[in-house]
Amino acid sequence: MGALALALASGLCWGTGDFLGGLMTRRLGVLVVMAIAQGAGLVITGALILAIGEPSPETRYLLFGVAGGLTGAIGLAALYQGLAIGPMSIVAPTASLSVMVPVLIGIVSGDRPAPLQWAGMACAVVGIVLAAREADPTDIEGHAEAPTRRGWRSPGFLYALAAALFLGLLVASLNAAAQGSAAWAAFTVRVTSVPLFVTAALIWRQHERMPMGRETGVLIGVGAFDNLANVLFALASRTGMLALVAVLGSLYPVSTVLLARGFLHERLSRPQIAGVVTAFVGVALIALG
């Protein structure tokens, strides 16, 4: 499988995991969801390393994985919280602007974006402004939302912006760590993030309930999808250009939005639809540049 196909597959896995993780966060709380899902991903990755007999890479690659674990923990927590309290069809595309972080890191490192990439960045920003301007006036239960919870004032939108920044840093760190080993890159990310979420969940456990039966299975699925996405992206970044595979991997909101519209019946106004389309056009232009 080529780098582009691997990157697209990682985006689909990330999007599916985000949708399920957002739903579970609405029921259980972000700390419990992250602790169990990330723990499941850690076990899965560890088993993969043992199965293929992958040797440990140099320390510098492991340190990049640690950096990815820290930034990824913040980014995923912000994303799941945003998906839990805001419309998924707005939160997911906003978070997809994480693709701009590795592009900007490349600029600082000496890369010079093509004119299409500059146009793509402009389109992405305009698209997000339009998408966040007017949120769905009803919540997941169909009740009218207060004006202070819509658009720019929506907590979900602010969490999505934080997710965009830190998930972008995760992508950059994952790319660097993967140059040593894709499997170890994903494993090191989990080794770093899992203790953080488990500790936080234990400290604030009185505010969140533990999952029951089927919910536990869904959380394991969240961890499996997210972890598989990390491994696929790490493999893609080893053989493909970071700017290109990062953009393709960032298309994960497509599956999240489709699942949200299909299962949650989330509605978008015309300005929001225009904003979402414009944001994705910006992502595409960045890739073409």
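For the structure, see preceding data.
Draft legend 1. Examining a nonpolar patch on the surface more closely. On the surface, a nonpolar cluster with roughly 330 Å² of combined accessible area is contributed by L63, V66, L70 and L196. Considering every element that reaches the nonpolar patch, the biggest residue donor is helix α3 (residues 59-85), with three residues. On the secondary structure map, L196 appears in helix α8 (residues 182-203). The class for L196 is partly exposed, based on a relative accessible area of 43%.

Draft legend 2. Highlighting the nonpolar core. Counting residues in each nonpolar core, the largest one holds 56 residues, and the members touching the most others are L79, Y80, V99, M100, L167, F233 and I286. Setting aside residues no more than four positions away along its own chain, M100 makes contact with M121, A124 and I286.

Draft legend 3. Region of the structure containing the packing of aromatic side chains. Applying the stated criterion to the full structure yields three aromatic pairs. Summarising the aromatic geometry, the rings of F19 and F263 are spaced 6.1 Å apart at their centres and angled 40° between planes, so their arrangement reads as tilted. Taken together, the residues span a long stretch of sequence, with F19 in helix α1 (residues 3-28) and F263 in helix α11 (residues 253-264) at a distance of 244 residues. Judged by its relative accessible area of 4%, F19 falls in the buried class. In this structure F263 comes out as exposed when scored by relative accessible area, which is 60%. Both rings, one in W184 and one in F187, keep their centres 5.5 Å apart while their planes meet at 85°; by these two values the pair is edge-to-face. Pair noted here: W184 and F187 are both in helix α8, with a separation of three residues, about one helical turn. For W184, a relative accessible area of 18% translates into the label buried.

Draft legend 4. Main features of the packing of α3 against α8. Interhelical geometry of α3 versus α8 gives an angle of 50° and a closest axis separation of 7 Å. It follows from the interaxial angle that α3 and α8 lie oblique. As for how α3 packs across α8, the hand of that crossing is right-handed. The segment α3 lies against α8, with L62, G65, V66, G68, G69, L70, A73 and A77 engaging W184, T188, V189, T192, S193, L196 and F197.

Draft legend 5. Focus on empty space enclosed by the protein. Scanning all chains against the criterion turns up four cavities of 30 Å³ or more. Taken as a whole, the largest cavity encloses approximately 170 Å³ of empty space. Every residue lining the largest cavity is counted, 17 residues in all, and those nearest its centre are W14, S98, L167, V171 and Y252. Looking at the lining of the largest cavity, the elements that each hand over two or more residues are α1, α3, α7 (155-178), α9 (214-239) and α10 (242-249). Residue composition of the lining of the largest cavity, grouped by class: 10 nonpolar, four polar and three charged.

Draft legend 6. Region of interest: the packing of helix α2 (residues 30-52) against α8. At their nearest, the axes of α2 and α8 sit 8 Å apart, and the two run at 150° to each other. Classified by the angle between their axes, α2 and α8 sit roughly antiparallel to one another. Note on packing geometry: the crossing formed by α2 with α8 is left-handed. By residue class, the composition of the contact of α2 with α8 is 18 nonpolar, six polar and one charged.

Draft legend 7. Structural context of α1. For α1, spanning 26 residues, the distance from its first C-alpha to its last is 36 Å, which sits close to the expected 38 Å at 1.5 Å a residue. Of the residues one or two after α1, G29 is the one with positive phi, at around 105°.

Draft legend 8. Molecular detail of the side chain of D18. Examined against the element boundaries, D18 turns out to sit in helix α1. One buried charge, D18, has no salt-bridge partner; the nearest side chain with opposite charge is R190, at 9.0 Å.

Draft legend 9. Local environment of the side chain of T71. Secondary-structure assignment places T71 in helix α3. Its relative accessible area of 14% is what places T71 among the buried residues. One polar contact links the side chain of T71 to the main-chain amide nitrogen of L170, over a distance of 3.5 Å. Discounting residues that sit within four places of it in the chain, T71 has contacts with F166, L169 and L170.

Cut-offs and rules
- Residues numbered from 1 in each chain as written.
- Predicted model: local features only at pLDDT ≥ 70, side-chain atom pairs only at ≥ 80, totals over all residues.
- Heavy atoms only, no water.
- Patch = residues over 30% accessible without salt bridge, like charges linked within 9 Å, V, L, I, M, F, W, Y side chains within 5 Å.
- Areas by Shrake-Rupley, 256 points an atom, 1.4 Å probe, with all protein chains shown as cover.
- Salt bridge = Lys/Arg side-chain N within 4 Å of Asp/Glu carboxyl O.
- Helix = DSSP H or I, 4+ residues; strand = E, 2+ residues; numbered from the N terminus.
- Buried < 20%, exposed > 50% of the residue type's maximum accessible area, 1.4 Å probe, protein only.
- Core = buried A, V, L, I, M, F, W, Y, C linked by side-chain atoms within 4.5 Å.
- Contact = heavy atoms within 4.5 Å.
- Phe/Tyr/Trp six-rings, centres within 6.5 Å; stacked < 30°, edge-to-face > 60°.
- Axes fitted to C-alpha atoms, helices over the stretch in contact; angles between N-to-C directions.
- Parallel < 35°, antiparallel > 145°, perpendicular 65-115°, else oblique.
- Left-handed = near helix turned anticlockwise from the far one by under 90°.
- 1 Å grid on protein atoms, 1.4 Å probe; cavity = no way out; pocket = protein on both sides within 12 Å on 5 of 7 lines; lining within 4 Å.
- Points joined across faces, edges and corners; volume = space filled by probe spheres on them.
- Nonpolar A, V, L, I, M, F, W, Y, C, P; charged D, E, K, R; others polar.
- Expected span 1.5 Å × (residues − 1).
- Lys, Arg positive; Asp, Glu negative; His and termini not counted.
- Polar contact = N/O pair within 3.5 Å; in protein donor to acceptor, adjacent residues only side chain to side chain.

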